[in-house]
Amino acid sequence: ILHPLRTWRSLSIIQKALMLEPASPEKFKREGPSPVKTNQEKYLEMFELDAPDNEIKTKKGKVTIPVAASASQFGNLMMIASFKGGKQINFAGSGHVDIDLPDDIKSKTYKLTAEVNTVHLKQGPTFVQLDDGEPIPITIPYTVGEWKLTNPIEVEVRGGQTLMFKREKGNLGLAIRRIYLE
């Protein structure tokens, strides 16, 4: 039936024979490690290696404050596991998070940014406050559901202060994973 001068006809006959060949589980059996890592495998690997993320760290003058280090939380919010490891705080409305800064943080003016995630285009007032100081407004960007940093704001920080991240009534969902002082 195969003919050297009728290439396309011969190929179609071979293809039809392959399609009609009965399939069996042995033909699809996978052995050994996969050369490709699926998204599910990557996620499970991150989940299994999830190290606690509740320590305030200082490295080369940059202070990293995970929200899991918060001393207390008030209002319409909850702390949950973050997909990329560690914890995140989800604000479903108004509320605030208090974080006690360690005494050994160098006293100076820092640029504060927060790693945030939003799915709402319009965000209401959000503030950062140190101890009983004046609330400083911080603009929350629309991140399309991805983790991004806010624009920096300047704050005067001394060791031992309480950093408060708060939202007023009328706000929509916001997730915060870390706060940075540079």
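See above for the structure.
Notes on the structure follow. On a predicted model such as this, the values are computed, not experimentally measured, just so you know.

## Quick notes on the overall build of the protein chain
Point 1. Helix and strand counts for the protein chain stand at 2 helices and 11 strands.
Point 2. Its helices and strands in sequence order give the protein chain the pattern α-α-β-β-β-β-β-β-β-β-β-β-β, from N to C terminus.
Point 3. For 182 residues, the compact-globule formula gives about 16 Å, and the C-alpha radius of gyration of the protein chain, at 27 Å, lies well above that figure.
Point 4. For the protein chain, the proportion of contacts with a sequence separation of at least 24, taken over those separated by at least 6, is 70%.
Point 5. Here the protein chain has roughly 12,400 Å² of accessible surface; of this, 56% comes from carbon and sulfur atoms.
Point 6. Looking at charge distribution, the protein chain has the averaged site of its 25 positive side-chain charges lying 11 Å from that of its 22 negative ones.

## Details of the layout of surface pockets
Point 1. By volume, the largest pocket amounts to about 180 Å³.
Point 2. Considering the residues around the largest pocket, the lining is formed by 13 residues, among which Gln88, Asn90, Asn117, Trp147 and Ala175 are closest to the centre.
Point 3. Those elements that place two or more of their residues in the lining of the largest pocket are strand 3 (72-81), strand 4 (87-100) and strand 11 (174-181).
Point 4. For the lining of the largest pocket, the per-class residue count stands at 7 nonpolar, 6 polar and no charged.

## Thoughts on the pairing of strand 5 (residues 108-117)
Point 1. With 7 of 10 residues buried, strand 5 lies mostly within the body of the structure.
Point 2. Where strand 5 meets strand 11, 6 bridges bridge the pair, whose relative direction is antiparallel. When the bridges of strand 11 are listed, Glu115 appears paired with Arg178.
Point 3. Bridge count between strand 5 and strand 8 (residues 148-149): 2 bridges; the pairing is antiparallel.

## A closer look at unusual backbone geometry
Point 1. Although it is not a glycine, Lys60 adopts a positive phi angle of roughly 55 degrees.
Point 2. Within the fold, Lys60 resides in the loop between strand 1 (57-59) and strand 2 (62-66).
Point 3. According to the relative accessible area criterion, Lys60 is exposed, its value standing at 84%.
Point 4. The phi dihedral of Asp131 falls on the positive side, at around 50 degrees, and the residue is not glycine.
Point 5. Residue position: Asp131 is located in the loop between strand 6 (126-130) and strand 7 (136-137).
Point 6. By relative accessible area, which is 32% here, Asp131 ends up partly exposed.

## Focus on the pairing of strand 6
Point 1. Among the 5 residues in strand 6, 5 count as buried, and that is most of the element.
Point 2. Strand direction decides the pairing type here: strand 6 and strand 10 (residues 162-167), joined by 5 bridges, are antiparallel. Paired with Thr126 across the bridge in strand 10 is Arg167.
Point 3. Examined bridge by bridge, strand 6 and strand 7 share 2 bridges and lie antiparallel to one another. By the bridge assignment, Val128 is partnered in strand 7 with Ile136.
Point 4. Between strand 6 and strand 7, which pair antiparallel in sequence order, lie 5 residues; one of them, Asp131, sits at a positive phi of approximately 50 degrees.

## Here we look at the nonpolar core
Across soluble globular proteins, you tend to see nonpolar side chains buried next to one another.
Point 1. Leu112, Phe165 and Ile179 are the most contacted members of the largest nonpolar core, which totals 27 residues.
Point 2. Going through the elements one at a time, strand 2, strand 4, strand 5, strand 6, strand 9 (153-157), strand 10 and strand 11 are the ones with two or more residues in this core.
Point 3. Apart from residues lying up to four places away in sequence, Ile179 is in contact with Val63, Thr64, Ile65, Ile99, Leu112, Thr113, Ala114, Leu163 and Phe165.

## Some points on the side chain of Thr126
Point 1. Inspection of the secondary structure assignment puts Thr126 in strand 6.
Point 2. Once residues lying within four places of it in the same chain are set aside, the contact partners of Thr126 are Ile136, Pro137, Ile138, Ile140, Phe165, Lys166 and Arg167.

## A few points about the pattern of salt bridges
Point 1. Enumeration according to the criterion identifies 2 salt bridges in this entry.
Point 2. The salt bridge involving Arg177 is made with Glu115; its shortest N-O contact spans 2.7 Å. With Arg177 in strand 11 and Glu115 in strand 5, this pair connects stretches of sequence that are 62 residues apart. With respect to burial, Arg177 and Glu115 carry one shared label: buried.
Point 3. Note that Glu115 and Arg178 form a salt bridge whose closest N and O atoms lie 3.1 Å from each other. Highlighted residues: Glu115 in strand 5 and Arg178 in strand 11, separated in sequence by 63 residues.
Point 4. One salt-bridge network, held together by shared partners, links Glu115, Arg177 and Arg178.

The rules we used
- Residues numbered from 1 in each chain as written.
- Predicted model: local features only at pLDDT ≥ 70, side-chain atom pairs only at ≥ 80, totals over all residues.
- Heavy atoms only, no water.
- Helix = DSSP H or I, 4+ residues; strand = E, 2+ residues; numbered from the N terminus.
- Rg over C-alpha atoms; globule rule 2.2 N^0.38 Å.
- Contact = heavy atoms within 4.5 Å.
- Areas by Shrake-Rupley, 256 points an atom, 1.4 Å probe, with all protein chains shown as cover.
- Lys, Arg positive; Asp, Glu negative; His and termini not counted.
- Charge placed at Lys NZ, Arg CZ, Asp CG, Glu CD.
- 1 Å grid on protein atoms, 1.4 Å probe; cavity = no way out; pocket = protein on both sides within 12 Å on 5 of 7 lines; lining within 4 Å.
- Points joined across faces, edges and corners; volume = space filled by probe spheres on them.
- Nonpolar A, V, L, I, M, F, W, Y, C, P; charged D, E, K, R; others polar.
- Buried < 20%, exposed > 50% of the residue type's maximum accessible area, 1.4 Å probe, protein only.
- Pairing = 2+ DSSP bridges.
- Core = buried A, V, L, I, M, F, W, Y, C linked by side-chain atoms within 4.5 Å.
- Salt bridge = Lys/Arg side-chain N within 4 Å of Asp/Glu carboxyl O.

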